[in-house]
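Chains, contacts and geometry: an overview
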Amino acid sequence: MAKIKHPKSGVYEPERCWVGDTHKICYKTREEAEMAARVAEYDHHIEGHLSVYKCEYGDHYHLSSN
Ligand SMILES: [Zn+2]
């Protein structure tokens with residue numbers, strides 16, 4: 001019997017949210033955001049430091065270049 005069922009049934013919530021005019025990626029944990037920040041700094045040769053802050057609209061974190 002073949003069971004064809006979408007693993008992600010239900011509503012798909014993209015892990016992003018609007019912050020001001022920017023569509024920001026959400027990170028579930030501070031650790032995850034910190035890791036993404038380090039990768040972004042390396043990949044994009046960002047001078048300075050990306051900081052992690054908790055979103056005021058949900059239980060997740062975002063990166064800020066300020
Ligand atoms: Zn958010």
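Residues numbered from 1 in each chain as written. Predicted model: local features only at pLDDT ≥ 70, side-chain atom pairs only at ≥ 80, totals over all residues.

**Description of the overall build of the chain**
Of the regular secondary structure elements, the chain holds 1 helix and 4 strands. Looking at the chain residue by residue over its 66 residues, the buried ones come to 8%. Relative to all contacts within the chain whose residues are 6 or more apart in sequence, the contacts with residues 24 or more apart total 35%. (Helix = DSSP H or I, 4+ residues; strand = E, 2+ residues; numbered from the N terminus. Buried ≥ 20, exposed ≤ 12 C-beta atoms within 10 Å, placed from the backbone. Contact = placed C-beta atoms within 7 Å.)

**Comments concerning helix H1 (residues 30-43)**
For an α-helix, 3.6 residues make a turn, and residues three or four places apart therefore share a direction. Here H1 is 14 residues long and its end C-alpha atoms lie 20 Å apart, about the 20 Å a rise of 1.5 Å per residue gives. Where H1 terminates, the next one or two residues include His45, which has phi positive at roughly 50°. (Expected span 1.5 Å × (residues − 1).)

**Points about the pairing of strand E1 (residues 16-19)**
When E1 meets strand E2 (residues 22-25), the two strands line up antiparallel, connected through 4 bridges. Its bridge partner lying in E2, Val19 is registered against Thr22. The antiparallel hairpin formed by E1 and E2 contains 2 residues in its connecting segment, where Gly20 sits at a positive phi of about 65°. (Pairing = 2+ DSSP bridges.)

**With respect to the pairing of strand E4 (residues 61-64)**
The sheet contact formed by strand E3 (residues 51-54) and E4 spans 4 bridges and is antiparallel. Bridge assignment links Ser51 to a residue of E4, and that residue is Ser64. Between the end of E3 and the start of E4, which pair antiparallel, lie 6 residues.

**Description of the environment of Glu41**
Considering the arrangement of structural elements, one finds Glu41 in helix H1. Assessed through the 16 C-beta atoms surrounding it within 10 Å, Glu41 is described here as partly exposed. For Glu41, the residues in contact, after removing those within four places along its chain, are Ile46 and Leu50.

**A closer look at the confidence of the model for the chain**
Scored by pLDDT, the chain comes out at a mean of 81, with 76% of its residues at no less than 70. Taken element by element, the chain is modelled with least confidence in E1, mean pLDDT 79, and with most confidence in E3, mean pLDDT 94. (pLDDT = per-residue confidence, 0-100.)

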